[in-house]
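Results of the structural survey
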Amino acid sequence: MQKGLAKIFKHANVDFLRSIPQPKSFTDILGRKLFLFLLSLQGIGAFALITLGVMLRKRRVAVKVMHPRIREEIRRSGVALLPMFFLMAMGLGFLVVGQTVAALAKVGAINYLGSTMVIVVVRELGPLLTAMLLLARVGTAHVIELGTARALGEVEVLETLGIDPVHYLIVPRVIGMMAGMFSLAVYLIIGSLLAGYLCAFIQDVPLTPGDYFKELASALTGLDFVMLGLKTVIFGFCIAMVACYHGLAQPLRLEDVSRVAIRAVTQGVVVCVLVDLAFIVIYTLA
Amino acid sequence: MSTPNPTPTLDILMQDVQVGSFRDMHVPVLTGVNWTVTPGDFWVVAGLPGSGKTDLLRLAAGLMPPLAGSYRLFGRETRDYGEAEIAERLKVVLVPEHGQMFSQLTIAENIALPLRYQRNLDAEEAVREILGLLELLDLLPFADASPASLSRDWLKRAALARALVLRPRLLLCDHPLSGLGTRHRQWWLRFLNQLGQGHNYFDRLPMTLVVTAADLAPWQNHGSQFALLRGGQFLPLGTWAGVIQSTDPTVGELLASAPAATS
């Protein structure tokens with residue numbers, strides 16, 4: 001009692017800072033934005049810890065209610081997006097991979113094909129593009145759904161019925177987003193590499209499928225697989241946290257929902273880029 | 001850490017409580033609330049719109065802590081409630097003013113949700129359990145309907161069913177009569193009376209009731225205790241005789257106000 005949302009409120013109430021009039025100098029505005037962003041990050045961090053705690057403590061609570069909800073979220077954040085990701089994989093393959101292969105062949109640098117593809121597609125573009133698409137397609141839906149539920153008082157009703165809103169509303173979304181992010185990133189990478197070869201083939205690049213995939217396989221290391229798994233799961237977790245934090249963790253009115261959705265998307269992009277930077281550092285050190 | 005329990009029989013005991021606004025919990029809406037609710041009481045808390053009735057009920061339901069003072073629910077300080085006290089916690093349920101049914105679920109799924117979650121039932125088991133309650137509240141024809149397709153009258157009744165499914169000891173209803181047609185108002189008044197006296201469906205155990213109202217007249221023959229919220233204060237009025245004898249101009253206003261008025 002009083003330990004659910006009330007605990008989260010303590011980290012979320014930065015509205016009083018937002019209501020202070022805008023400063024006049026550019027550097028002050030920048031400083032203020034940075035300060036507010038750091039406060040949001042602090043709130044998101046606290047919310048993430050609460051969510052992780054609930055995920056661990058309540059993993060056996062109401063499984064007959066929660067498992068169907070988790071399956072539904074995996075469908076929504078993963079399976080339902082497959083057609084869109086198929087199209088994206090085709091686009092990425094034709095626009096980036098195919099042209100890169102053709103260009104490398106033209107300058108006689110086909111030996112660099114594998115490492116270039118691994119760096120561009122497997123390490124960077126695949127996970128980041130998947131994250132951006134999931135943020136836009138599912139993350140915004142989460143903010144709007146949760147924000148509306150919050151504004152209409154449905155979240156408080158859950159609390160009064162003894163249902164932990166973090167467990168019932170957030171945990172399935174987080175698991176769904178992490179599973180969806182990982183699977184879709186893998187599909188996007190495989191699809192774009194296949195489409196890339198198709199594009200190169202259409203352009204008469206003298207490269208057999210065997211050579212193409214041999215180049216790719218020789219450039220991939222065990223670390224790439226581990227990092228891809230880690231990166232996608234962390235991206236999924238971060239996007240879910242940012243979206244759910246903005247939708248749930250502060251008292252909202254209906255008219256606030258659109259503003260909060262925009263803020264969540266912006267912060268989601270920034271957080272994903274920051275996580276990506278952290279992974280680049282890890283790659284460099286490894 | 002739990003503290004000694006000096007008043008185990010009281011359902012609600014507020015001592016010098018300061019109630020914050022639900023929108024901004026640091027802004028006090030009511031101060032110095034001293035309120036005692038004994039089992040079987042039927043309280044009607046009235047006030048003009050914006051007087052803090054809903055915030056008081058939300059605090060009473062344990063959705064937010066008091067800004068100051070002591071609030072004991074069923075004899076235990078609410079600050080001491082945790083995960084281990086969930087069974088005790090579920091003895092108090094709030095019925096929100098607009099029903100607030102979950103839009104993705106049907107009416108039956110909405111009503112069954114607390115039961116499913118608390119007792120880990122699958123959907124079919126839970127629906128079997130709630131059939132009697134659906135019948136009692138005339139909700140059977142709407143069991144598979146979505147909340148969006150129901151009128152406010154029936155949504156409020158479905159919200160009452162969802163609250164009753166857990167068989168609470170203390171039922172808090174926020175503006176139960178607001179926006180209802182005459183037939184539904186009469187049904188609510190009659191049904192709340194039956195709950196207060198002990199309904200057969202609930203093993204004849206009398207339920208403690210607290211309702212908020214923006215008009216006092218309909219509650220004349222129903223509430224056993226009345227209170228007024230005015231100027232950030234909780235003012236007990238006693239029984240209906242106390243309401244009639246009150247010289248407070250707000251009481252006069254609430255006795256004369258239109259039935260559909262809400263805060």
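Residues numbered from 1 in each chain as written. Chains lettered and ligands numbered in written order. Predicted model: local features only at pLDDT ≥ 70, side-chain atom pairs only at ≥ 80, totals over all residues. Heavy atoms only, no water.

Examining the overall build of chain B
Along its length, chain B carries eight helices and 10 strands. For chain B, whose C-alpha radius of gyration is 18 Å, the value lies close to the compact-globule estimate of 18 Å for 263 residues. If one aligns the C-alpha atoms of chain B with their principal axes, the spans along those axes are about 50 × 50 × 35 Å. Relative to its full complement of 263 residues, chain B shows a buried share of 57%. If you take every contact in chain B between residues at least 6 apart in sequence, the share linking residues at least 24 apart comes to 67%. When the accessible area of chain B is evaluated, it comes to approximately 10,600 Å², of which 52% is carbon and sulfur surface. On chain B, the mean spot of the 22 positive side-chain charges and the mean spot of the 25 negative ones are 2 Å from each other. (Helix = DSSP H or I, 4+ residues; strand = E, 2+ residues; numbered from the N terminus. Rg over C-alpha atoms; globule rule 2.2 N^0.38 Å. Buried < 20%, exposed > 50% of the residue type's maximum accessible area, 1.4 Å probe, protein only. Contact = heavy atoms within 4.5 Å. Areas by Shrake-Rupley, 256 points an atom, 1.4 Å probe, with all protein chains shown as cover. Lys, Arg positive; Asp, Glu negative; His and termini not counted. Charge placed at Lys NZ, Arg CZ, Asp CG, Glu CD.)

Quick look at the sheet that holds strand β3 (residues 42–47) of chain B
All names here are of chain B. A sheet is described by the order of its strands in space; here six strands give the open sequence β6-β7-β8-β3-β9-β10, paired in mixed fashion. Across the chains shown, the open sheet's two edge strands, defined by having one partner strand only, are β6 (92–95) and β10 (233–238). Between one strand axis and the next, the sheet turns by 20 degrees as a mean value, whatever way the strands run. Two strands pair when backbone bridges link them, and β3 and strand β9 (residues 225–230) are joined in this way by five bridges, in the parallel orientation. (Pairing = 2+ DSSP bridges. Axes fitted to C-alpha atoms, helices over the stretch in contact; angles between N-to-C directions.)

Describing the packing of helix α8 (residues 165–202) of chain A against helix α10 (residues 222–248) of chain A
All names here are of chain A. Taken N-terminus to C-terminus, the directions of α8 and α10 make an angle of 140 degrees; their axes are 8 Å apart at the nearest point. When the interaxial angle is binned, α8 and α10 end up oblique. Relative to α10, the crossing made by α8 is right-handed. From α8, Leu 169, Ile 170, Arg 173, Val 174, Met 177, Met 178, Met 181, Phe 182, Ala 185, Val 186 and Ile 189 reach across to α10, where they touch Leu 228, Gly 229, Thr 232, Val 233, Phe 235, Gly 236, Phe 237, Ile 239, Ala 240, Met 241, Cys 244 and Leu 248. Tallied by class, residues from the contact of α8 with α10 come to 19 nonpolar, three polar and one charged. (Parallel < 35°, antiparallel > 145°, perpendicular 65-115°, else oblique. Left-handed = near helix turned anticlockwise from the far one by under 90°. Nonpolar A, V, L, I, M, F, W, Y, C, P; charged D, E, K, R; others polar.)

Describing the nonpolar core
Core analysis: the largest hydrophobic core is formed by 119 residues, its most contacted members being Ile 170 of chain A together with Ile 111, Leu 171, Leu 192 and Trp 219 of chain B. Looking at this core, the element that brings in the most residues is α10 of chain A, giving 12 residues. Filtering out sequence-adjacent residues up to four positions away, Ile 111 of chain B remains in contact with Ile 130, Leu 133, Leu 134, Leu 139, Ala 158, Ala 161, Arg 162 and Val 165 of chain B. With 31 residues, the next largest nonpolar core counts Val 17, Phe 22, Val 37 and Trp 43 of chain B among its residues. (Core = buried A, V, L, I, M, F, W, Y, C linked by side-chain atoms within 4.5 Å.)

Let's talk about the interface of chain A and chain B
Contacts between the two partners involve 32 residues from chain A, matched on the other side by 41 residues from chain B. Carbon and sulfur atoms make up 58% of the area that chain A and chain B hide from each other, which totals about 3,100 Å². Along the contact surface separating chain A from chain B lie one salt bridge. Note that Glu 125 of chain B is salt-bridged to Lys 64 of chain A, the shortest N-O span being 3.7 Å. Elements with a contribution of two residues or more to the side of chain A that touches chain B: α1 (5–12), α4 (63–77), α7 (154–160) and α8 of chain A. At six residues, α7 of chain A tops the list of elements feeding residues into the side of chain A that touches chain B. (Buried area = accessible area lost by both parts, 1.4 Å probe. Salt bridge = Lys/Arg side-chain N within 4 Å of Asp/Glu carboxyl O.)

Details of α4 of chain A
Residues spaced three or four apart along an α-helix point in a common direction, a consequence of the helix completing one turn every 3.6 residues. With 15 residues, α4 of chain A ought to run about 21 Å at 1.5 Å a step, and its terminal C-alpha atoms sit 20 Å apart, in line with that. Restricting attention to buried positions, one finds in α4 of chain A the residues Val 65, Met 66, Ile 70, Glu 73, Arg 76 and Ser 77 of chain A. For α4 of chain A, the angular spread of the buried residues around the axis is 125 degrees, confining them to a single face. Looking at the buried residues of α4 of chain A, the elements they touch are α6 (113–151) and α8 of chain A together with α3 (107–119) of chain B. (Expected span 1.5 Å × (residues − 1). Arc of directions from axis to C-beta.)

Remarks on unusual backbone geometry
Residue and element names in this part refer to chain B. Unlike most non-glycine residues, Gln 100 shows phi in positive territory, near 50 degrees. Residues other than glycine seldom take positive phi values, yet His 175 does so here, at roughly 45 degrees. With respect to the helices, strands and loops of the structure, His 175 is situated in the loop between β7 (170–173) and α6 (182–197). Taking relative accessible area as the criterion, His 175 reaches 2% and is therefore assigned buried.

Some words on the side chain of His 142 of chain A
All names here are of chain A. Looking at where His 142 falls in the secondary structure, it is placed in helix α6. The class of His 142 is buried, set by a relative accessible area of 0%. Non-local contacts of His 142, meaning those with residues more than four positions away in its chain, are made with Glu 73, Arg 76, Ser 77, Gly 147, Arg 173, Met 177 and Ala 243.

Points about the confidence of the model for chain A
With 93% of its residues at a pLDDT of at least 70, chain A reaches an overall mean of 89. Across chain A, the secondary-structure element scoring lowest on mean pLDDT is α1 of chain A, at 54, and the one scoring highest is α4 of chain A, at 95. (pLDDT = per-residue confidence, 0-100.)

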